[in-house]
Structure formats: structure tokens, C-alpha cells
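Given next are the chains, with one letter for each unit.
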Amino acid sequence: MRFVSISKNFSVIFLIPKSLSAMSWAGPEDIHLSTSLASYLDKKLLVLLRDGRKLLGILRSFDQFANAVLEGACERVIVGDLYCDISLGLYVIRGENVVLIGELDLEKEELPPHMTCVSETEIKRAQKVEREATDLKGSMRKRMEFLDMD
């Protein structure tokens, strides 16, 4: 794990496992890796997961494996210029799924002004349309590659 300070107002922790294919138990030499999370206790964080989800919440606890507990957690779903914060409540995150953790500056606006907050049903509908468009684009590309065989 690497701690990188980008500016006075924002800092990031990169959690990089030794092996992505097989996670191993942390030994005594690895204990120091998650101790820098202590500075984030009781602060609002953005957590990026391996599957691309973005979670926001207040860090209440963590362990030596970087497993974390977020209080008041929500998943921020963004589709184009639309976004929705889906409430999750108290949320436990397995450390090996964490890609990035960053502290949010509560004094600054979190999102650009052109973003529009929508309901959960609207964002699900927008996600479905985006997924269908991506699938169609992929199938069209496969057809074109098939026709372009030399």
C-alpha cells in the first residue's frame, strides 16, 4: 500500500495486493500497511472497489487486512450527467476488494454543477440503457471484425 498526498485538501491510499490471483494472510511485516487508515477514522471517505463501485461513508473501524466498516454508507452511481446516492447504512468492506480510499473535503462541492441528482429507479433505468448500448456496440464490433477478415 502506498500513501500519496496529492494536495493539502485531498489524499489517497493505494491498496495493492502482493498477488491479485491469490491473496495470502498478512504476516507481521504487513501489519504496518493498514495502520495509516487510523488517520481516516471518523472521517468521510470515498472508497473505490475492484468491481468499479464507489462507496461513500464515515470510516468507523478497520483491521490489519484493511477490512473496513463504513457508517452511513451509500453507493454513488454515475451514468453520464446523472447520479444517485443509494443508501446502504452500516457497511462492511472486505479489504482485498478495495482499490482506492480517499478522504472527502467536506468544505468543497463533491460534484460538478452540471451533474443532476435523480431517483434510484431513474438511475437503474439509465444504467440498463447504457449497458444495452455497450452490448450493442460490442456485438456490432464483432460483426465488423468478422467481415473484415483478410
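Structure shown above.
Residues numbered from 1 in each chain as written. Predicted model: local features only at pLDDT ≥ 70, side-chain atom pairs only at ≥ 80, totals over all residues. Heavy atoms only, no water.

Caption draft 1: Structural context of the overall build of the protein chain. Broken down by element type, the protein chain carries 2 helices and 8 strands. Listed by position from the N terminus, the elements making up the protein chain come as β-β-α-β-β-β-β-β-β-α. Classification of the 150 residues of the protein chain by burial places 27% in the buried group. Here the contacts in the protein chain between residues at least 6 apart in sequence split such that 52% fall between residues at least 24 apart. When the accessible surface of the protein chain is totalled, it reaches about 10400 Å², and 57% of it is carbon and sulfur. (Helix = DSSP H or I, 4+ residues; strand = E, 2+ residues; numbered from the N terminus. Buried < 20%, exposed > 50% of the residue type's maximum accessible area, 1.4 Å probe, protein only. Contact = heavy atoms within 4.5 Å. Areas by Shrake-Rupley, 256 points an atom, 1.4 Å probe, with all protein chains shown as cover.)

Caption draft 2: Fine view of the pairing of strand β5 (residues 68-79). Strand direction decides the pairing type here: strand β4 (residues 54-62) and β5, joined by 7 bridges, are antiparallel. Note that in β5 the partner of L59 across the bridge is L70. When β5 meets strand β6 (residues 82-93), the two strands line up antiparallel, connected through 10 bridges. Residue pairing for β6: R76 is matched across the bridge by D85. Linking β5 back to β6 in an antiparallel pair, the connection comprises 2 residues, with G80 at a positive phi of about 60°. (Pairing = 2+ DSSP bridges.)

Caption draft 3: Quick peek at the environment of N97. If you trace the backbone, N97 turns up in the loop between β6 and β7 (98-103). Note: C-alpha distance between N97 and R50 (47 residues apart in sequence) is 5.3 Å.

Caption draft 4: Quick peek at the environment of I58. Take I58: it is sitting in strand β4. Since its relative accessible area comes to 28%, I58 is described here as partly exposed. Along the sequence, I58 and Y91 sit 33 residues apart, while their C-alpha atoms lie 10.0 Å from each other.

Caption draft 5: Examining the side chain of R76 more closely. Residue position: R76 is located in strand β5. For R76, a relative accessible area of 11% puts it in the buried group. Engagement of the side chain of R76 in a polar contact is seen with the side chain of D85, the distance being 2.7 Å. Not counting residues up to four positions away in its chain, the partners in contact with R76 are K54, L56, Y83, C84, D85, E110 and L111. (Polar contact = N/O pair within 3.5 Å; in protein donor to acceptor, adjacent residues only side chain to side chain.)

Caption draft 6: Spotlight on the side chain of E75. With respect to the helices and strands, the residue E75 is situated in strand β5. The buried charged residue E75 lacks any salt bridge, with R53 as its nearest oppositely charged partner at 4.5 Å. Other than its neighbours up to four places away in sequence, E75 contacts R53, K54, L55, C84, D85, I86 and L88. (Lys, Arg positive; Asp, Glu negative; His and termini not counted. Salt bridge = Lys/Arg side-chain N within 4 Å of Asp/Glu carboxyl O.)

Caption draft 7: Up close: the pattern of salt bridges. Applying the stated rule across the entire model yields 5 salt bridges. A salt bridge links D42 to R60; its shortest N-O distance comes to 2.6 Å. With a gap of 18 residues between them, D42 in the loop between α1 (31-35) and β3 (44-49) and R60 in strand β4 connect regions that are remote in the sequence. We classify D42 as exposed; its relative accessible area is 55%. Measuring nitrogen to oxygen at the nearest pair gives 2.7 Å for the salt bridge that ties D85 to R76. Taking the relative accessible area as the measure of exposure, D85 reaches 33% and is therefore partly exposed. Each of D42, R60 and E71 takes part in a single network of salt bridges with overlapping partners.

Caption draft 8: Fine view of the pairing of β4. Relative to β4, β3 runs antiparallel, the two being bridged by 5 bridges. Along β4, the bridge assignment pairs L45 with G57. Taking the residues between adjacent antiparallel strands as the criterion, β3 and β4 are bridged by 4 residues, where G52 takes a positive phi near 95°. The antiparallel pairing of β4 with β5 creates a hairpin that spans 5 residues between the two strands, and A66 there sits at a positive phi of about 70°.

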